[in-house]
Amino acid sequence: MFGSFNSDAEFGRREPGMKMQSLLELLERDGILPEEAFVELLSGRSKEDEAYAAKRAREIGDCIYGKQIYIRGLIEFTNYCKNNCYYCGIQRENSHIQRYRLGKEEILLCCEEGYKLGFRTFVLQGGEDPYYTDEKMIDIIKAIRNNFPDCAITLSIGEKSYDSYQRFYEAGADRYLLRHETADVAHYQRLHPKEMSLEHRMDCLRQLKEIGFQTGCGFMVGSPFQTNKELAKDLLFIHSLHPEMVGIGPFIPHKETRFAKEKQGTLEQTLFLLSLIRIMEKNVLLPATTALATIDPRGREKGILAGANVVMPNLSPKAVREKYALYDGKVCTGEEAAECRFCLENRVRSVGYEVVVDRGDYKG
Ligand code: SAH
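Definitions and cut-offs
Residues numbered from 1 in each chain as written. Predicted model: local features only at pLDDT ≥ 70, side-chain atom pairs only at ≥ 80, totals over all residues. Heavy atoms only, no water. Phe/Tyr/Trp six-rings, centres within 6.5 Å; stacked < 30°, edge-to-face > 60°. Buried < 20%, exposed > 50% of the residue type's maximum accessible area, 1.4 Å probe, protein only. Pairing = 2+ DSSP bridges. Helix = DSSP H or I, 4+ residues; strand = E, 2+ residues; numbered from the N terminus. Contact = heavy atoms within 4.5 Å. Axes fitted to C-alpha atoms, helices over the stretch in contact; angles between N-to-C directions. Core = buried A, V, L, I, M, F, W, Y, C linked by side-chain atoms within 4.5 Å. Right-handed = clockwise from strand over helix to strand, strands pointing away. Polar contact = N/O pair within 3.5 Å; in protein donor to acceptor, adjacent residues only side chain to side chain. Near = heavy atom within 4 Å. Areas by Shrake-Rupley, 256 points an atom, 1.4 Å probe, with all protein chains shown as cover. Nonpolar A, V, L, I, M, F, W, Y, C, P; charged D, E, K, R; others polar.

1. What to know about the packing of aromatic side chains
Centre-to-centre distance and the angle between the planes together describe a pair of aromatic rings. By the definition in use, this model includes 11 aromatic pairs. Geometrically, the ring pair formed by Y65 and Y70 is edge-to-face, given 5.7 Å between the ring centres and 90° between the ring planes. Residue Y65 shares its accessibility class with Y70, and that shared class is buried. With a centroid separation of 5.7 Å and 75° between ring planes, the pair formed by Y176 and F213 is classed as edge-to-face.

2. A few points about the sheet that holds strand β9 (residues 354-356)
The sheet built from three strands is open, its strands ordered β8-β1-β9 with parallel pairing. On the outer flanks of this sheet lie β8 (310-311) and β9, each paired with one strand and no other. Relative to β9, strand β1 (residues 68-71) runs parallel, the two being bridged by three bridges. Bridge assignment links Q68 to a residue of β9, and that residue is E354. Docked against the sheet, helix α16 (residues 337-350) engages β1, β8 and β9, running at close to 135° with respect to β9.

3. Looking at the nonpolar core
Counting residues in each nonpolar core, the largest one holds 108 residues, and the members touching the most others are I75, I144 and L155. Considering every element that reaches this core, the biggest residue donor is helix α12 (residues 267-280), with nine residues. Residue contacts for L155: discarding those within four places in its chain leaves L124, M137, I141, F168, A173, R175, Y176 and L177. If you look at the next biggest cluster of nonpolar residues, it comprises nine residues, including Y65, V123, M245 and M312.

4. Notes on the pairing of strand β6 (residues 214-221)
On any regular strand, side chains alternate: one points to one face of the sheet, the next to the other face. The buried fraction of β6 amounts to eight of the eight residues, a majority that puts the element mostly inside the structure. Bridging between strand β5 (residues 175-177) and β6 involves three bridges; their strand directions are parallel. Paired with R175 across the strands is Q214, a residue of β6. In this fold, the crossover linking β6 to strand β7 (residues 245-250) by way of helix α11 (residues 228-241) has right-handed handedness.

5. Some details on the side chain of T290
Within the fold, T290 resides in helix α13 (residues 290-295). Polar contacts involving the side chain of T290 include one to the side chain of R300, which spans 3.4 Å.

6. Thoughts on the site of the ligand
Near the ligand, the surroundings consist of 17 residues, among which Y87, G126, R179, E181 and I252 are the closest. One of the side-chain N or O atoms of R179 is found 3.0 Å from an oxygen atom in the ligand. In this structure, a nitrogen atom belonging to the ligand sits 3.4 Å away from a main-chain N or O atom of L326. Protein chains bury 92% of the 560 Å² of accessible surface belonging to the ligand in isolation. Along the lines of polarity and charge, the residues of the shell around the ligand split into nine nonpolar, five polar and three charged.

7. Thoughts on unusual backbone geometry
Although it is not a glycine, E181 sits at a positive phi angle of roughly 80°. Its location among the elements puts E181 in the loop between β5 and α9 (185-191). Using a relative accessible area of 9% as the deciding quantity, one classes E181 as buried. Of note in the backbone geometry, F225 takes a positive phi value of approximately 70° without being a glycine. For F225, the location among the structural elements is in the loop between β6 and α11. Residue F225 is classed as partly exposed on the basis of its relative accessible area, which comes to 37%.

8. With respect to the sheet that holds β6
Here six strands make up an open sheet; going across it, the order is β2-β3-β4-β5-β6-β7 and the pairing parallel. Across the chains shown, the open sheet's two edge strands, defined by having one partner strand only, are β2 (73-78) and β7. With direction set aside, neighbouring strand axes in the sheet form an average angle of 20°. Bridge analysis of strand β4 (residues 152-156) against β5 gives two bridges, and the strand direction is parallel. Note on β5: the bridge partner recorded for L155 is Y176. Packing of helix α10 (residues 198-211) onto the sheet brings it into contact with β5 and β6, and relative to β6 it is tilted by some 150°.

On their own, these measurements won't tell you what the molecule is for.
Right, dumping it as structure tokens:
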């Protein structure tokens, strides 16, 4: 069915931009394109195509979520990790960082401060840290659930068993973020040690959905060895999983990793992918990430204008923020939560949107 749209016969006599526009229209209509068409879109995009995609993405987002931007309070509660993802600054083998853990009371204090600032979602993110047994996690989740009954709880703590996920859900967690990182097996293997597998990560994602979590996958833009073919596969995977959330941000090298000398992902490609994801998965909750804000001083605003509808400022205690360094140069490590909150409100307002006090659930 797509072959005809893809052929030169269809597009031969049009302006170059017209073909891209038609592909974007098809993507909007069908929610998917064949892999080659995605590659074509990603390889051939012009400034005009980027602007057109962003405009459609914003119109679609506005239709579903209005001018509202959801905020999530990110609590980075441990930087210990048993894994050794080659790109990540908190990988097990990095002996140059000071490790830390937050206890239940400290986490609850972050939530309390966040609640006063209008946050109604708390995201607990960390390395895969065996210190936090299922019992400890369940205790923390239940405490947040009891103290903040009108808030959503999101977990981002990596690969666990079905049984653990089920118990976290029953304890009161609502959402789970687990980026698939790349949907190509060979690429996955070049970014991770051999004890990790894409198959297992994808299984986890399917299990999370089955259990009933609002589930988020995602990937880094411009990660080492990534080409448009891998990105096309990422988009196809997103379509097949149909997640409630998608997290993407530019890859940024970390000096203590083997990828220290690699190039970072670009602003333009990240923005274009945000637009494609919005056009494709119309209702998806799509953050303008901290990594995006790190590579461009107005990254968050630009992310919103490209189709994002979520921002996740940091609620971690100031003393630990710099220690949760997945990549170099992370922004907003020096500010208090309240400062971040108001800075963000102004940024969002500057592009015609408003931060709302809301759990910000997926609108299906
Ligand atoms: N342990 C959790 C949380 C991982 S950190 C888990 O496994 O899901 C959250 C995300 O940060 C990762 O999924 C990865 O996509 C991103 N990340 C890690 N290192 C990065 C880097 N150098 N540049 C940009 N993003 C990075």
